[in-house]
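What follows is each chain in one-letter form.
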Amino acid sequence: MTDSVDKKDNDNVNDRKEDKRTGICLIKPEFIIEESVRFVNNVEILDCKENGKAQYEVTNLTNESEEPPKKKIKDNHKKIKPRGQNKNRSVPFKIIRDINLCPWIAEATVEEADTAKCPNAKCTFIHDRSEYLKIKPEDIGTECYNFELTGKCQRGAACRIGSKHVTSDGYNIVNVEKYKAYQKLSPFVKNHVSKEILENLRKYKYDFAKAENITKKYNWKSSEKFDKSTENKGGCEDVNKKGVDRAAMVGAILDEEEIKLRASEKKIIDWKDKLMLAPLTTVGNLPFRRICKEYGADITCGEMTLAPKLLKGTREEWALVKRHVSEDVFGVQVAGNNPGVLTRCAQLFNDETVVDFVDLNLGCPIDLVYKTGAGCGMMNRLPMLETVVKSATELLDVPFTVKMRTGVYADRPMAHKLMPKLREWGAAMVNIHGRSREQRYTKLADWQYIEECAQAADPLPVYGTGDILSYDDYERVRANCPHVQGVSIARGALIKPWIFQEIKERKLLDVSSGERFDMLRKFTKYGLEHWGSDTRGVETTRRFLLEWISFLYRYVPVGILVKPPQRMNNRPPYYRARDDLETLMASPNCTDWIKISEMLLGKVPDGFHFLPKHKANSWK
């Protein structure tokens, strides 16, 4: 990496007049493509330069005649972008079980050839090793990262980079000495929940007595508030409004009373001046968090988990709480709509996982969560929220934190009113996203309001998040928000994960295309380690790589900017970068992202397709 701008470039920048247009990221003229065409849902957007200014002309491509379309729209400096989510997108590639080798057979060595048998009589995987080898897809490389790391690849004959650890007739090879040494080490990935626990959850056999007693106690104390509550404006109706048998509750509490930890005995986290990687749904997976840790993130948090799915023992949901050994301060985030499920989840995290804090999601804006009363929906349900925070704080041995938005509606911020209450109820830290649910990402984050919330919460630690994309942004918000104790970074980390390093080194970094490609290569290694190196693991890694690139392409190299740094909501015109790889990585076209994935993970399967989660992340 090199420093972003030398003295000569600074002098040139100072001579230029700042462009007053909003939303435009200024690129040095020599890199701008003079004329280009974009296609968005059968609409052609023609970008060109006229008298030194960008012009955007829209024509309807559905007009099959050769005559020019009747309606033309000319609006200087406005780009038509799709909005919202691709809600109906399908899976990029579906793994068909009956053309893949059974894991019990794949892992077997020559010595285990006679004893390795699948215990599932209904298994639909292939069990004939020779038959599978005939249809196995070609390898994507020669060095199996898992075998080099541990001495044994769990995917065995099904591994797509297994030429060095698979015999010609399909048996797995194990480096016994290396594998034994690896087994003596502490596990690199923690929070593997056993099959027995998942089975008990599915069959409702898990003992939640501790959580139930604590929840009943706080429901009993605030039952009148539940009866009179009329504050539910953003979710489902409050539960437990019927009368409760207080005597029975008190008796149960006294019978099951347990020794509580004092506040001083609980785990304490020093929140002051830390850099936190915010919880990121889909893209905040374990391999991505490892990348951010290597660039200097102090605190990491797993993806949002849904409390009902955790309590049902859903394996995919529990996979979201896994923690890599490099994550020295790690938390899990949970979303739910009532004290019963959330306190039970708190007990599970406390008893079955190794985490440093548990975070309650009050910020998720999507309808699927909000309309159930979870996420932002709980901000309007104060009696319910009070019970959740008090119950979880009492039950957990680690800090209980809260992540929220400014409010539900843009013109009615309410986070500042919740700050003193959360402090009183026992929350250990509050992380505020400086936008309302209604705003989503359409407005700049309101850091002045975040500062007001931090003042109202004092001495409760408050973190702020929103629009941090450079060291310059970080310094500005810290200078203007003296009561905010730390910064949480979300999209900024997706667009440029080295932002943590920039902030700690106090300078902009001009990261070359080669360094960025090496970063992607490292992500694929971590992905194959985490999701496996068979066909399923390769395609899962590819999917999450493409989801990340749908944000990563928005990074504009520092060396081609007229006036660094890049701002979060500014978009550049089409440009040709400093080399071919850098130009490819800046492409907003999904097809080019797939090309990048093929450079790392081999050719995509037949029938493969990909759409980003958010429409605004690419030109279709």
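Just above, that's the structure.
Residues numbered from 1 in each chain as written. Predicted model: local features only at pLDDT ≥ 70, side-chain atom pairs only at ≥ 80, totals over all residues. Heavy atoms only, no water.

Student: What exactly am I supposed to notice about the sheet that holds strand 8 (residues 299–306) here?
Tutor: In a beta sheet, neighbouring strands pair by backbone hydrogen bonds and run either parallel or antiparallel. Here eight strands make up a closed barrel; going around it, the order is 7-8-10-11-12-13-14-15 and the pairing parallel. For this sheet the average axis-to-axis angle between neighbouring strands, irrespective of direction, equals 25°. Relative to strand 8, strand 7 (residues 275–277) runs parallel, the two sharing two bridges. By the bridge assignment for strand 8, Leu 277 is matched with Thr 300. Taken strand by strand, helix 15 (residues 382–395) contacts strand 11 (357–362) and strand 12 (400–405), and its axis lies near 150° from that of strand 12. (Pairing = 2+ DSSP bridges. Helix = DSSP H or I, 4+ residues; strand = E, 2+ residues; numbered from the N terminus. Axes fitted to C-alpha atoms, helices over the stretch in contact; angles between N-to-C directions. Contact = heavy atoms within 4.5 Å.)

Student: Could you clarify how one ought to interpret the environment of Gly 23 in this entry?
Tutor: Inspection of the secondary structure puts Gly 23 in the loop between helix 1 (7–15) and strand 2 (35–40). With relative accessibility at 28%, the residue Gly 23 sits in the partly exposed group. Gly 23 sits 549 residues away from Pro 572 along the chain, and the two C-alpha atoms are 8.4 Å apart. Leaving out residues up to four positions away in the same chain, Gly 23 has contacts with Asn 569, Asn 570 and Arg 571. (Buried < 20%, exposed > 50% of the residue type's maximum accessible area, 1.4 Å probe, protein only.)

Student: Help me understand helix 15 in this model?
Tutor: The α-helix winds at 3.6 residues per turn, so residues separated by three or four positions along the chain end up facing the same way. Compared with an ideal rise of 1.5 Å per residue, which puts 14 residues at 20 Å, helix 15 spans 20 Å between its outermost C-alpha atoms and is within 8% of the ideal. Every buried residue of helix 15 is listed here: Leu 382, Pro 383, Met 384, Leu 385, Glu 386, Thr 387, Val 388, Val 389, Ser 391, Ala 392, Thr 393 and Leu 395. (Expected span 1.5 Å × (residues − 1).)

Student: Would you mind showing me how to read the nonpolar core here?
Tutor: Grouped burial of nonpolar side chains is what soluble globular proteins tend to show. Grouped together as the largest cluster of nonpolar side chains are 120 residues, with contacts concentrated most on Met 404 and Leu 422. Counting residues per element, this core draws most heavily on helix 22 (residues 535–552), which supplies eight residues. Those residues in contact with Met 404 that sit more than four places away from it in its chain are Leu 362, Gly 363, Met 379, Ala 415, Leu 418, Met 419, Leu 422, Val 430, Asn 431, Ile 432 and His 433. Counting twelve residues, the second largest nonpolar core, distinct from the first, contains Ile 105, Phe 125, Ile 126 and Ala 158. (Core = buried A, V, L, I, M, F, W, Y, C linked by side-chain atoms within 4.5 Å.)

Student: Help me understand the packing of helix 10 (residues 286–294) against helix 21 (residues 513–531) in this model?
Tutor: Relative orientation and spacing of two packed helices are given, respectively, by the angle between their axes and the distance between those axes. Interhelical geometry of helix 10 versus helix 21 gives an angle of 135° and a closest axis separation of 8 Å. If you check the angle between helix 10 and helix 21, you find them oblique. Crossing of helix 10 against helix 21: the hand is right-handed. Across from Leu 286, Pro 287, Phe 288, Arg 290, Ile 291 and Glu 294 in helix 10, the residues of helix 21 making contact are Met 519, Lys 522, Phe 523, Tyr 526, Gly 527, Glu 529, His 530 and Trp 531. (Parallel < 35°, antiparallel > 145°, perpendicular 65-115°, else oblique. Left-handed = near helix turned anticlockwise from the far one by under 90°.)

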